[in-house]
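Report on the structure
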Amino acid sequence: MRRKRKINIVYKDKDILVCEKPAGMPVSSDKTGDMDLCHQLKNQLFFDENIKEEPELYMVHRLDRPVGGVMVFARSRAAAAELDRQVRDREFEKDYQAVLTGWIPQDQGTWRDFLKKDPVRNVSYVADEGTEGAKEAVLDYEVIDMMESSKMKLTYCLIHLRTGRHHQIRVQTSSRGFGIWGDTKYNPLFQKTRKTYREIGLYAARIAFVHPVSGEKMEFRSEPSGQAFELLEMEDI
């Protein structure tokens, strides 16, 4: 096995591994053939723990390729099954920080939609309740700050996911006119640009769950990084 890109592993034991996923890296292998997070973590475990066989690693939740942040992987089938159950029963907590284009009128609120996935185009969209294949999507948000320049308006906010649907935050924000900064898939302000954004203004800043074996409540946080969050520190955005 050969090292590719060093991933920051913030916690590991025999049952789970928690790491910071870099923005722009796919979680699992895709058609690009680029090194993915899961295989790179296996490479690191192989060398760091000096094991003779490929380590077990099971994905229990995802982050979109352009999204960075904290993730947990299971290291056994039993641990994966328990974490999967927590995700299904909405016991697994996921919080994001986001940079949106436009100003959200309310300081906080809850958005509830029904989303349907188009697997051919790899997109999701808001559908009417009762539409075949559409699933309920719910999130809570809280505005931290709002900024404006001659170029654009930005809203910096916290987002708590109550459900975990395909591209959920990206679809729910863009459908209300507050797309994610840099999101060429869903934000009209960036769809016309020829620039390719390997990262967008969305970061998985916190996860919390019960350890699948010990039963201990676990919480992990990570500070957002990347161009979108650097904009928040600039005088002229």
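Per an unreviewed UniProt entry, the recorded name for the protein is RNA pseudouridylate synthase, and the organism is Candidatus Anaerostipes avistercoris. Recorded under Catalytic activity (unreviewed entry), the UniProt text for the protein is reproduced unchanged: "a uridine in RNA = a pseudouridine in RNA".

In this section: the overall build of the protein. On a plain count of helices and strands, the protein comes out with 5 helices and 11 strands. Overall, the C-alpha framework of the protein stretches about 55 × 40 × 35 Å when taken along its three principal axes. Expressed as a percentage of its 237 residues, the buried residues of the protein come to 49%. Separation of charge centres in the protein, based on 38 positive and 38 negative side chains, amounts to 6 Å.

Attention now moves to the nonpolar core. Counting residues in hydrophobic clusters, the biggest one holds 31 residues, and the most contacted among them are L37, L41, F73, Y96, I159, I169 and L202. Put simply, the parts of the chain that give this core at least two residues each are strand 2 (16–21), helix 1 (37–48), strand 4 (68–74), strand 5 (93–101), strand 8 (135–148), strand 9 (153–161) and strand 10 (202–210). Ranked by the residues each element gives to this core, the list is headed by helix 1, at 4 residues. Discounting residues that sit within four places of it in the chain, Y96 has contacts with L63, C157, L158, I159, L161, I169, L202, Y203, A204 and A205. Counting residues in hydrophobic clusters, the runner-up holds 14 residues, among them V18, V72, A80 and I207.

Here the focus is unusual backbone geometry. Residue R90 is not a glycine yet carries a positive backbone phi of 60°. Its place among the elements puts R90 in the loop between helix 2 (77–88) and strand 5. Overall, R90 belongs to the partly exposed group, its relative accessible area being 46%. Within the chain, H167 stands out as a residue other than glycine whose phi angle is a positive 55°.

Inspection of every chain in the model, using the stated rule, returns 8 aromatic pairs. Seen in terms of ring centroids, Y156 and F229 are 6.3 Å apart; in terms of plane orientation they differ by 75°. Their pairing is edge-to-face. Within this pair, whereas Y156 is found in strand 9, its partner F229 is found in helix 5 (residues 227–231), the two being separated by 73 residues in sequence. With respect to burial, Y156 and F229 carry one shared label: buried. Through pairs of rings, three or more aromatic residues link up here, namely Y11, F92, F209 and F220. The ring of W103 is capped by K153, whose NZ or CZ atom sits 4.4 Å from the centre of that ring.

This part takes up the pairing of strand 1 (residues 8–12). Looking at chain direction, strand 1 and strand 2 are connected through 4 bridges and run antiparallel. If you follow K12 over to strand 2, its bridge partner there is L17. Here strand 1 hands over to strand 2 after 3 residues, the two strands then running antiparallel side by side.

Rules and cut-offs
- Residues numbered from 1 in each chain as written.
- Predicted model: local features only at pLDDT ≥ 70, side-chain atom pairs only at ≥ 80, totals over all residues.
- Heavy atoms only, no water.
- UniProt positions renumbered as here; feature names shortened; annotations may be inferred.
- Helix = DSSP H or I, 4+ residues; strand = E, 2+ residues; numbered from the N terminus.
- Buried < 20%, exposed > 50% of the residue type's maximum accessible area, 1.4 Å probe, protein only.
- Lys, Arg positive; Asp, Glu negative; His and termini not counted.
- Charge placed at Lys NZ, Arg CZ, Asp CG, Glu CD.
- Core = buried A, V, L, I, M, F, W, Y, C linked by side-chain atoms within 4.5 Å.
- Contact = heavy atoms within 4.5 Å.
- Phe/Tyr/Trp six-rings, centres within 6.5 Å; stacked < 30°, edge-to-face > 60°.
- Lys NZ or Arg CZ within 6 Å of the ring centre and 35° of its normal.
- Pairing = 2+ DSSP bridges.

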